[in-house]
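# Summary of the model geometry
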Amino acid sequence: MKYLSLDRSEDRRPGYQQLIKEKNIKRVFDLVRGGRCASRAELVRAMHLSATTISALVEELVGEGLLLETGPTLTSLPGRRPMSLRLNAAGRQLAAFSLSRRGAHFTLMDLSCRTLESFFVEHPVGENEPMDSGEEYARLFEDVLLHRSQLFDRERAIMVGVCFPGIRIEEEQAFSVRTAMSISFSEASMRVLEQRLGVPMFLGNVSMCLAYAEKKNLDALTDGTEETRDLIFINVCDGVGAGIISEGAILTGPYNTAGEFGHFSVDMNGPPCTCGNRGCLEQYVNLNALLRSAAEACAHSGVPAPQTFAELAERAPGLDAVRGVLEATADRLALGIYTLMCVTGIRRVVLGGGIELLGPDFLQMVSERVRSRTLLTRHMRMSYARSGPDGESVGIAQYFLDKAYTITSPRRQMAKTGV
């Protein structure tokens, strides 16, 4: 994950008192946003700060339009009932783009991460796509935000997120999508766009964003009583990748390259991959490869081939010709998952990205192949994704609010410098 606006120079770095204020005001915001506190009195008890300090922080958040006071709250205590606090979901917006070979999916959300607007913009990647496509994508993002979107409001926006199927290369100061889409875009091009929009930009790997969305989804199922601390998300789409949640945080590694699951080799003598390896998992396990293999199997059996992956998923239960294709895919996917479980020690696995269309039979097929290997797979839980079609956009928005958003924020700094 990369937050461009958080790279503060020494002369702009806040002092100790300002850092303490940032920490406290963000905690007030998070406690109310998460439904754990609904009044100033509850905040005082939760944060162990004075009533005066809490009131000052709350007033600032109300003045910023981030919280609302909605009338007296219910209480069993004597005396005047305290005012109830809640998140002002309409007070801010978060915009996100999810990139694929076919184009960009745009999602606009409120502070509750509810979708306000969502649509797809075609922008197919060709074989001769220029490697540095930053300016082209910057123009696409700007056009969508300022001209195609009906609801985007720059004054209320606190983030423009970009979910991409690749990695950030520190040495090149670039976001590389070379293996998935044969493109890359420089950090500089995104900084220029950030300055033109006046809205901070936040960029992250799509599988990591999906993993965080699933973590938050699982947390919500327990009503906040239990946090999902460890999770592996397997993203089977045009390629295959993984997002790893470890100890409640996204595992990125020191160079932001963790989770390149698709480049596990499942055949050391297999065809060369663009990454330099041979027999990489993503050469065999992705939606397009699965559809091609199914079409070949159907042609060999003399039955009509499915034309889309959705059609394949619908027909698969009654299509004996593709049984072997599904089993071979499950074998390779299980090998990759087991290897990743051995490396991480994590036993909570979620499959998504499109492969979930194959239904419970395929999930059981993969699960049984993983479980058959060793005692290391005891207590493993495997399920399909629940985060929906906007999952990666919701995930990057949730991660931004939880981990990056500072309230006293880069947006204010940008305004002060005239951006």
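One structure accompanies this document, and this report is about it. (Residues numbered from 1 in each chain as written. Predicted model: local features only at pLDDT ≥ 70, side-chain atom pairs only at ≥ 80, totals over all residues. Heavy atoms only, no water.)

Look at helix α1 (residues 16–33) against helix α2 (residues 40–47): their axes get within 11 Å of each other, and the N-to-C directions meet at 120°. Considering the angle they form, α1 stands oblique to α2. Between α1 and α2 the crossing geometry is right-handed. Side by side, α1 and α2 meet where Asn-24, Arg-27, Val-28, Leu-31 and Val-32 of the first sit next to Leu-43, Ala-46 and Met-47 of the second. Its residues assigned to classes, the contact of α1 with α2 shows 6 nonpolar, 1 polar and 1 charged. (Axes fitted to C-alpha atoms, helices over the stretch in contact; angles between N-to-C directions. Helix = DSSP H or I, 4+ residues; strand = E, 2+ residues; numbered from the N terminus. Parallel < 35°, antiparallel > 145°, perpendicular 65-115°, else oblique. Left-handed = near helix turned anticlockwise from the far one by under 90°. Contact = heavy atoms within 4.5 Å. Nonpolar A, V, L, I, M, F, W, Y, C, P; charged D, E, K, R; others polar.)

Strand order in this open sheet of 5 strands is β14-β13-β12-β15-β16, and the pairing throughout is mixed. On the outer flanks of this sheet lie β14 (249–250) and β16 (381–384), each paired with one strand and no other. Relative to strand β15 (residues 348–352), strand β12 (residues 231–236) runs parallel, the two sharing 4 bridges. Within β15, the position partnered with Ile-234 by the bridge is Leu-351. Sheet strands in contact with helix α11 (residues 323–344) are β12, β13 (240–246), β15 and β16, and its direction is about 150° off that of β12. (Pairing = 2+ DSSP bridges.)

The strand order across the open sheet built from 3 strands is β8-β9-β10, with neighbouring strands paired in antiparallel fashion. In the strand order of this sheet, the two ends are held by β8 (167–169) and β10 (183–186), each with one partner. Each strand of the sheet is rotated relative to its neighbour by a mean of 25°, with strand direction disregarded. In the sheet, strand β9 (residues 174–177) pairs with β10 via 4 bridges, with the strands oriented antiparallel. Looking at β10, one finds that Ser-176 is bridged to Ser-184. Docked against the sheet, helix α6 (residues 187–197) engages β8, β9 and β10, running at close to 55° with respect to β10.

Turning to the layout of surface pockets, a few remarks are in order. In this model, the largest pocket occupies a volume close to 1100 Å³. What lines the largest pocket is a set of 47 residues, and nearest its centre among them are Asn-235, Cys-237, Asp-238, Gly-239 and Gly-353. Within the residue set of the lining of the largest pocket, elements represented by two or more residues are β4 (93–100), α5 (178–181), α7 (206–221), β12, β13, α8 (281–284) and α9 (287–301). Ranked by residues supplied to the lining of the largest pocket, first place goes to α9 with 4 residues. Volume-wise, the second largest pocket comes out at about 950 Å³. For the second largest pocket, the lining is made up of 30 residues, of which Arg-33, Gly-34, Arg-36, Lys-216 and Asp-402 are closest to its centre. Elements supplying a minimum of two residues to the lining of the second largest pocket: α1, α7 and α13 (391–404). (1 Å grid on protein atoms, 1.4 Å probe; cavity = no way out; pocket = protein on both sides within 12 Å on 5 of 7 lines; lining within 4 Å. Points joined across faces, edges and corners; volume = space filled by probe spheres on them.)

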